[in-house]
Amino acid sequence: MTSAPPAPAALRQRWPRPSKPRPIVIIGTGGIVKHAHLPAYARAGFRVAGLFDRKPEASAALASEFGIARVFESLDQAVAEPDVVFDIAVPAGAVLETLERLAPKSAVLIQKPMGRDLDEASKILACCRRRDLVAALNFQLRFSPNMLALHDAIGRHVLGEIVDIEVRVNVHTPWELWDFLEGLARHEIVYHSIHYLDLIRSMFGEPRGVHARVVKNPALPSYADTSSATILDYGDHRRCVLSVQHGHAFGERHAMSQLKIEGTRGAAVARMGVNLNYPRGEPDQLEFASSASSGWQAVSLEGNWFNHAFEGPMSNLQRFVAAEDPVLVTRVEDAARTMALVEACYRSSASGATPIPDVP
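The rules behind each value
Residues numbered from 1 in each chain as written. Predicted model: local features only at pLDDT ≥ 70, side-chain atom pairs only at ≥ 80, totals over all residues. Heavy atoms only, no water. 1 Å grid on protein atoms, 1.4 Å probe; cavity = no way out; pocket = protein on both sides within 12 Å on 5 of 7 lines; lining within 4 Å. Points joined across faces, edges and corners; volume = space filled by probe spheres on them. Helix = DSSP H or I, 4+ residues; strand = E, 2+ residues; numbered from the N terminus. Nonpolar A, V, L, I, M, F, W, Y, C, P; charged D, E, K, R; others polar. Pairing = 2+ DSSP bridges. Axes fitted to C-alpha atoms, helices over the stretch in contact; angles between N-to-C directions. Contact = heavy atoms within 4.5 Å. Expected span 1.5 Å × (residues − 1). Bend = angle between axes of the 7 residues up to and from the residue. Buried < 20%, exposed > 50% of the residue type's maximum accessible area, 1.4 Å probe, protein only. Right-handed = clockwise from strand over helix to strand, strands pointing away.

Enquirer: Is there a simple way to explain empty space enclosed by the protein in this structure?
Expert: Under the defined criterion, the tally for this structure stands at two cavities of 30 Å³ or more. Roughly 100 Å³ of volume is contained in the largest cavity. Lining the largest cavity are Gln13, Arg14, Trp15, Arg17, Phe143, Pro145, Glu302, His308, Glu311, Gly312 and Ser315. If you tally residues by element for the lining of the largest cavity, the top one is helix H9 (residues 311-321), at three residues. Split into classes, the residues belonging to the lining of the largest cavity amount to three nonpolar, four polar and four charged. Within this model, the second largest cavity holds a volume of roughly 30 Å³.

Enquirer: When you look at the sheet that holds strand E11 (residues 267-271) in this model, what are you seeing that I'm missing?
Expert: Sheets are built from strands paired through backbone hydrogen bonds, the pairs being either parallel or antiparallel. Strands sit in the order E7-E8-E9-E6-E10-E11-E12-E13 across an open sheet of eight strands; the sheet is mixed. Looking along the sheet, the strands with just one partner apiece sit at the ends: strand E7 (209-215) and strand E13 (296-298). Taking the axes of each pair of neighbouring strands and ignoring which way they run, one obtains an average angle of 10° across the sheet. Sheet topology note: the strand E10 (residues 256-263)/E11 ladder contains five bridges and is antiparallel. The partner of Lys260 across the bridge, within E11, is Val269. Across the sheet, helix H6 (residues 145-155) touches E10, E11 and strand E12 (285-289), and the angle it forms with E12 is around 25°. The strands that helix H7 (residues 188-204) touches are strand E6 (162-170), E7, strand E8 (227-233), strand E9 (239-245) and E10; relative to E9, the one it contacts most, it runs at about 155°.

Enquirer: Sorry if this is basic, but what is going on with H7 here?
Expert: Residues separated by three or four positions in an α-helix point in the same direction, a consequence of the helix having 3.6 residues per turn. The terminal C-alpha atoms of H7, which comprises 17 residues, lie 22 Å apart, in line with the 24 Å expected from a rise of 1.5 Å per residue. Residue Ile194 marks the point of greatest curvature in H7, where the axis turns by about 55°. Count one or two residues on from H7 and you reach Gly205, which has phi positive near 85°.

Enquirer: How should I be thinking about the pairing of strand E4 (residues 107-110) in this particular structure?
Expert: For a regular strand, side chains alternate in direction, first toward one face of the sheet and then toward the other. Burial along E4 is two-sided: Ala107 and Leu109 and Val108 and Ile110, pointing in opposite directions, are all buried. Here four bridges tie strand E3 (residues 85-88) to E4, and the two strands are oriented parallel to one another. Across the sheet, the residue bridging to Phe86 is Val108, located in E4. Relative to strand E5 (residues 134-137), E4 runs parallel, the two being bridged by four bridges. Counted as the bridge partner of Val108 is Ala135 from E5. Crossover handedness for the path E4 to helix H5 (residues 118-130) to E5: right-handed.

Here's what the structure looks like:
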């Protein structure tokens, strides 16, 4: 016997906002802050106390656009602000040195990834512990309306026992929009597919191991891995595979950006619309099916990954600091496990495939 998924209104789609949010100081004012952090914070009613960037003109332009009164002249000036939450949105290689400048016991949200590799992630974790920082990573895909709803449905066992998890991304991504990625030793998994790996971990726990291969694109010779294929080992009764290809240059017809989950009682498909026709993007989607004959039921969503999901990590951090949330969901200790999974993917890729035996 099958059962239909809960009514859309019954599925969680938003993280509750803090009752008395602290002001936010943002360090780093690149495109992600302009297009995601600041619009999301404005919608949530979070006050931004000031901005700092090593390029003063970048801070000044954003402050003017979003009506932010203060632009800090130095990092020392920014980190001296009392009773605030810090939002660090700098390149991964600059995260550790920025954290070292914060006062002990500061509350801080760190834009992913947690460093460029597991070694840096371990140093960041040690810094947060040594300085007693209340620190979380901005793994905001967990907090997008469709993924919150999907996680809620899985928690209610709407799909039954999960037997199949598949991420398929086949898009054209204009990497040239992020010039800091050019020349890095690691690229696609640590800056993009990390979202899906973190999401899967949050829903299904730690995999036993990983098989992965990353590849380059001849059209982008100055970039490292730009596509990846990954299998996560969740045992003999659950398939988990991620196929992520960013070089699809043949239009929208066969482009795809989705997470599919199948269980013994039902299935779900979630679309991550931001990847489609980037940067304009398409709306997110979420559909459920309880049987082949019942068809698919769409959930009416209350927003998209970009940029509604960016309210969630900041809300959770603010509420945790105020003792309104019992758990800091993307705390650095948990984020380090995602970085360990990323590291395993790259090590698997470097180790090579199993040789094909000779035929006698």
